[in-house]
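Residues per chain, in single letters:
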Amino acid sequence: MTRRLTGFQPTGNLHLGNLLGAMRPLVAAQDDPATTDSIAMIADLHALTVEHDPQRLRANSLDVATLLLAAGVDPGRTALIANSQVPEHSELHYLLECVTGYGEAARMIQFKEKSAAGGPVRLSLLTYPVLMAADILLHDIDHVPVGDDQSQHLELARDIAVRFNNRYGPTFTVPEAIRPGAAERIMDLTDPTRKMSKSSVNPAGRIGLLDPPDVIRRKVSRAVTDTVGVVRHDPEGQPGVTNLLEILRACTGEEPGAFTSYGQLKREVTDAIEAVLAPVRARHAELSDDPGHLQKILAEGRARVRPRAEETVRKVRAALGLLD
Ligand code: AQP
């Protein structure tokens, strides 16, 4: 029996990659008898590591919660929380910083990339992976579904857990990375060498979870392909066509058939995406009419995870020699 945590940064523009790569596996895990407990976490504390607008952050956080429910997250089986609303996340974050080396944090690829991009760098960007370790270790998580970009951070969480256990006595479950499955990396429609991303400046490259049908059709019809003229799964030679085939496979759950033209492929991809997103849009509209319901679900999620979180922090404080 395993405990699993999946996090989502409320940085806006949730897209098809987030749905196929993270939300759907989370929903599928609810029916997996091997998963005892699943947590869906809005990583709003993580969103503070870069320049942000407070009002927008709040709206984005509520929207992530709404979209998770619209995508099929059942709060009866998956605890839905925001990490800022469970104060033990912040407390454990600091305590874990005290067992993490500056060099370990500074060599994280994501920190190097984001800090090299120019502009002011917040200290919290450096310690972001330690907060992620706290998110995981706080709840005794065994399995964390991670894409390529987060695997280095998960390694750090494992190192911190092992080091703490060796130095201060057995305290933490050492988490394992699991691959999310079918759609690990949906690529940008306008540049299929980059992953579809919330923060990319060109919205034409991503299918938003609430994009209306005509927008989906237009984006797919303009998706970059190539001049080969044959529909083949060839990530190196035909990344755009391969991405469309991957999207089709992930949306339908079936191996794509044969196609005589890129136009035919694009029409089928459009229909498959629409079939996946139409019910999410409809449910999102219903849920958006009832913000009180959302607050109640977040409060229930918090109440559900808090006893274990308090117990973990109590153990860590005792192991470190802090006063009761
Ligand atoms: N393109 C993708 N294909 C498959 N899965 C993806 N995920 C993100 N992009 C893709 C998965 O969605 C979950 C939530 O992602 P996140 O909020 O932690 O942010 P991220 O991984 O950094 O995703 P973005 O969309 O690229 O955000 P920005 O632009 O803000 O950095 C994760 O499980 C992630 O693997």
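Counting from 1, residues in each chain are numbered in the order their sequence is written. Totals for whole chains, interfaces and linings use all residues, but because this is a predicted model, local features are given only for residues with pLDDT of at least 70 and pairs of side-chain atoms are given and counted only at 80 or more. Hydrogens and water molecules were not included; the side-chain quantities draw on all heavy atoms of the structure.

Engineer: What is the right way to read the UniProt feature "binding site: L-tryptophan" (unreviewed entry) in the protein chain from this model?
Structural biologist: UniProt tags D135 as "binding site: L-tryptophan" (unreviewed entry). Structurally, D135 is set in helix 6 (residues 123–138). The class of D135 is buried, set by a relative accessible area of 2%. Any two residues having at least one pair of non-hydrogen atoms within 4.5 Å are treated as being in contact. The contacts of D135, once residues within four sequence positions are left out, are L5, M41, H46, N83 and H89. Engagement of the side chain of D135 in a polar contact is seen with the side chain of H89, the distance being 2.7 Å. UniProt positions are given in the numbering used here, feature names are shortened, and annotations may be inferred rather than shown by experiment. Strands here mean DSSP runs of E at least two residues long; helices mean DSSP runs of H or I at least four residues long; both are numbered from the N terminus. Relative accessibility decides the category of a residue: with a 1.4 Å probe and only protein chains considered, values under 20% of the type maximum give buried, values over 50% give exposed, and everything between is partly exposed. Nitrogen and oxygen atoms within 3.5 Å of one another constitute a polar contact, given that in protein one can donate a hydrogen and the other can accept it, and given that sequence-neighbouring residues count only through two side-chain atoms.

Engineer: What is the right way to read helix 7 (residues 151–168) from this model?
Structural biologist: Residues separated by three or four positions in an α-helix point in the same direction, a consequence of the helix having 3.6 residues per turn. Under the 1.5 Å per step criterion, the end-to-end length of helix 7 is 26 Å for 18 residues, consistent within 8% with the ideal 26 Å. For helix 7, the complete set of buried residues consists of H153, L154, L156, A157, I160, A161, F164 and N165. One side of helix 7 carries all its buried residues, which in axial view fall inside an arc of 165°. With respect to the buried face of helix 7, the exposed residues turned more than 90 degrees away are N166 and R167. Count one or two residues on from helix 7 and you reach G169, which has phi positive near 100°. The length a helix should cover is 1.5 Å for every residue beyond the first. It is the directions from the helix axis to the C-beta atoms that the arc portrays.

Engineer: For this particular structure, what's the right way to read the UniProt feature "short sequence motif: 'HIGH' region" (unreviewed entry) in the protein chain?
Structural biologist: Feature annotation in UniProt places "short sequence motif: 'HIGH' region" (unreviewed entry) on residues 10–18, given in this structure's numbering. Helix makes up 33% of residues 10–18 and strand 0%. Its end C-alpha atoms lie 12 Å apart.

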